[in-house]
Amino acid sequence: MGLEELERWDKEFFWHPFTQMKVYREEENLIFERGEGIYLYDIKGRKFIDAISSLWCNTLGHNHPRLNRALKEQLSKVAHTTTLGSSNVPAILLAKELVEVSPKCLTKVFYSEDGAESVEVALKLAYHYFKNLGERRRLFVSLENAYHGDTIGAVSVGGIELFHSTYKDLLFETYKLPSPYVFCKEKYGKLCSECKEELLEKLREFLKRRGEEVVAVILESGIQAAAGMLPFPKGFLRGVREITKEFGVLLILDEVATGFGRTGTLFYCEQEGVCPDLMCLGKGITGGYLPLAVTLTTEEIFKVFLGEFGEAKHFYHGHTYTGNNLSCAVALEHLKVLREEKILERLKPKIKLLEEELKGFYELKNVKDVRQLGFMVGIELSREDGRPFEYRQRVGFKVAYKCRERGVFLRPLGDVMVLMPPLVIDEESLIYVLNTLRWAIKEVLQR
Ligand SMILES: *Cc1c(COP(=O)(O)O)cnc(C)c1O
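Reading the values: the criteria
- Residues numbered from 1 in each chain as written.
- Predicted model: local features only at pLDDT ≥ 70, side-chain atom pairs only at ≥ 80, totals over all residues.
- Heavy atoms only, no water.
- Disulfide = S-S within 2.5 Å.
- Helix = DSSP H or I, 4+ residues; strand = E, 2+ residues; numbered from the N terminus.
- Buried < 20%, exposed > 50% of the residue type's maximum accessible area, 1.4 Å probe, protein only.
- Domains from an automatic or database assignment.
- Contact = heavy atoms within 4.5 Å.
- Buried area = accessible area lost by both parts, 1.4 Å probe.
- Salt bridge = Lys/Arg side-chain N within 4 Å of Asp/Glu carboxyl O.
- Polar contact = N/O pair within 3.5 Å; in protein donor to acceptor, adjacent residues only side chain to side chain.
- Phe/Tyr/Trp six-rings, centres within 6.5 Å; stacked < 30°, edge-to-face > 60°.
- Lys NZ or Arg CZ within 6 Å of the ring centre and 35° of its normal.
- Pairing = 2+ DSSP bridges.
- Axes fitted to C-alpha atoms, helices over the stretch in contact; angles between N-to-C directions.
- Near = heavy atom within 4 Å.
- Areas by Shrake-Rupley, 256 points an atom, 1.4 Å probe, with all protein chains shown as cover.
- Nonpolar A, V, L, I, M, F, W, Y, C, P; charged D, E, K, R; others polar.

*Asks:* Hey, could you run me through the state of the cysteines in this one?
*Replies:* In a disulfide, the sulfur atoms of two cysteines are covalently bonded to one another. Per the counting criterion, the structure on display carries two disulfides. Between the sulfur of C105 and that of C275 lies a disulfide, 1.9 Å long from S to S. Its torsion about the S-S bond being -95 degrees, the disulfide of C105 and C275 is classed as left-handed. With C105 in the loop between α5 (89–101) and β4 (106–112) and C275 in the loop between β10 (250–254) and β11 (278–281), this residue pair connects regions lying 170 residues apart in the sequence. Its relative accessible area of 16% is what places C275 among the buried residues. The disulfide that involves C184 links it to C195, with 1.9 Å between the sulfurs. The sign of the -90 degrees torsion about the S-S bond sets the C184-C195 disulfide as left-handed.

*Asks:* Got a minute to help me understand the domain arrangement of the protein chain in this structure?
*Replies:* Partitioning the protein chain into structural domains gives domain 1 (31–63 + 342–445) and domain 2 (68–340). Between the C-alpha centres of domain 1 and domain 2 there is a distance of 27 Å. Listed as interface residues are 30 residues of domain 1 and, on the opposing side, 33 residues of domain 2. Of the roughly 2500 Å² buried where domain 1 meets domain 2, counting both sides, 64% is carbon and sulfur surface. Broken down residue by residue, the surface that domain 1 buries against domain 2 is led by W56, L373 and M376, which jointly contribute 26%. Put simply, domain 1 and domain 2 have zero salt bridges between them. Between the two partners, domain 1 and domain 2, sit 15 residue pairs in polar contact (both at pLDDT 80 or more).

*Asks:* Would you mind showing me how to read the packing of aromatic side chains here?
*Replies:* Each aromatic ring pair is specified by the distance between its two centres and by the angle formed by the two planes. According to the stated counting rule, one finds 10 aromatic pairs in the structure shown. Judged by centre distance (5.1 Å) and plane angle (75 degrees), the ring pair of F110 and F315 falls under edge-to-face. Pair noted here: F110 is in strand β4 and F315 is in the loop between α12 (299–304) and α13 (325–340), with a separation of 205 residues, a long-range link. Among the residues examined, F110 registers a relative accessible area of 22% and is labelled partly exposed. Taken together, a centroid distance of 5.1 Å and an interplanar angle of 75 degrees make the contact between F232 and F236 edge-to-face. Taken as a pair, F232 and F236 share a single burial class, namely buried. Over the ring of F130 we find R137; its NZ or CZ atom is 4.2 Å from the centre of that ring. The residue whose ring lies beneath R406 is W439, and the NZ or CZ to ring-centre distance is 3.7 Å.

*Asks:* How should I be thinking about unusual backbone geometry in this particular structure?
*Replies:* Glycine aside, the phi torsion of most residues is negative, and most peptide linkages are trans. Phi is positive for M229, close to 60 degrees, though the residue is something other than glycine. Looking at where M229 falls in the secondary structure, it is placed in the loop between β8 (223–224) and β9 (230–231). For K283, which is not glycine, the phi torsion reads 25 degrees and is therefore positive. Summarising the element assignment, K283 is placed in the loop between β11 and β12 (293–298).

*Asks:* Before we go on, may I ask you to explain the side chain of T174 in this structure?
*Replies:* Within the secondary structure layout, T174 lies in strand β6 (residues 174–177). For T174, the side chain forms a polar contact with the side chain of K176, separated by 2.7 Å. T174 has contacts with L139, F140, S142, S156 and V157, leaving out every residue within four places of it along the chain.

*Asks:* Looking at this model, I keep getting lost on the sheet that holds strand β16 (residues 416–419). Mind explaining?
*Replies:* Hydrogen bonding along the main chain pairs the strands of a sheet, whether they run parallel or antiparallel. Here we have three strands laid out as an open sheet, ordered β13-β14-β16, and antiparallel in their pairing. Because the sheet does not close on itself, it has two edges, and the strands there are β13 (367–373) and β16. When the angles between neighbouring strand axes are averaged without regard to direction, this sheet yields 15 degrees. Bridge analysis of strand β14 (residues 376–381) against β16 gives four bridges, and the strand direction is antiparallel.

*Asks:* Explanation requested: the site of the ligand in the structure shown.
*Replies:* Taken together, W56, D114, G115, A116, Y147, H148, G149, E220, D254, V256, A257 and K283 are the residues near the ligand. One of the backbone N or O atoms of G115 is found 2.8 Å from an oxygen atom in the ligand. Residue K283 places a side-chain N or O atom 2.6 Å away from an oxygen atom belonging to the ligand. In isolation the ligand exposes 380 Å². Once the protein is present, 84% of that is buried. Class assignment of the residues belonging to the shell around the ligand gives a composition of five nonpolar, three polar and four charged.

*Asks:* Before we go on, may I ask you to explain the environment of T265 in this structure?
*Replies:* As for its placement among the helices and strands, T265 is situated in the loop between β10 and β11. Classification of T265 by relative accessible area gives buried; the value is 19%. Along the chain, T265 and D50 lie 215 residues apart, while their C-alpha atoms are 22 Å from each other. Those residues within four positions of T265 in sequence are excluded, and the remaining contacts are E270, Q271 and L344. For T265, the side chain forms a polar contact with the side chain of Q271, separated by 2.9 Å.

Have a look at this one:
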């Protein structure tokens, strides 16, 4: 099997996700073969810093000795056993551990495989909760520019035109509040507390009118990631929590992207002292090793599903691989490493460094905005007069491809350059990534 054959077969047989295959097949693409720490190596032996944590999931680097060992140990026992009505050791231990490390009001763990499914579970649980209480409610409140995954329920509460408008005939009804960052920038020129108050007032007004039809408010936690790294005004989350409580509506927090240290704390909601009714976790949960997600919920919601068998109050949801033994074993070890190696404490100075270094990007004529929440960064490119580039110009991709020439692997969101390196990246490599990106922006746009 030669390299050219692999490249040919990749283009012939493999339909890639979120990818225009016509364009993909015309280009040279990276085919990764192995990883080591923050580096990925392709089949041609080229080395790249994984500056997007393999799409936002890797935390401790690749090929991590402790995660490898945990996986091998579990593999030598059993790879998978069903959790529909029976159980397995790592899934039990992980559930207990997740309850211990998450906000206090969350006491139960429902497993799934991907972020999108953890959102489906949250939506269905919330809807079913009111059903079991004998109430008929069917409306969800979400945000413009939201991204909660690509399955139909998650798309219904999503708000990214480009991804979601195609399917609109298939979606259930939602009420959408403005995207906080976009709204605040347009109206106030910045994120500020007046803007936060105005947004919260809109929510309050809506719930006053139609609160009794509303199942839940669903939000990403602290930042709209897939929309291009759009942070919320500080205190917005807390405000939403208070209002949802006041109106007896559930709050679903999607921490799929922000969970497991990305914002500097294990979960972003800790920073605002918020405990949601349902919390979705995915991406970093296994350190980026295996597909696993969870929906955490409260005792109150759990209890409403209890009844005699014949009452059929229970939650009819679960997949073949729900609570997979290998995934849970790795996730358990991941939490242990985070704690024992003080990964989040060691992240703090790197977040500061990143903040300092990002200031340099404003010197570039084509940088319109720089946004950061912890270790999540979006650098928005535009024409020199601030107008956006045309979608078909693929400026973001061109800059990302340029970075590859100097060994940095990125995937942009449109013309927003995303940086989200593994939490363990060293300061020198972090600066190298930033310098490479700065160089690439100049190379592509200023020659
Ligand atoms: C990525 C993401 C999802 C979807 O997770 P998948 O594992 O890709 O299904 C959901 N919500 C948020 C906030 C995400 O960033």
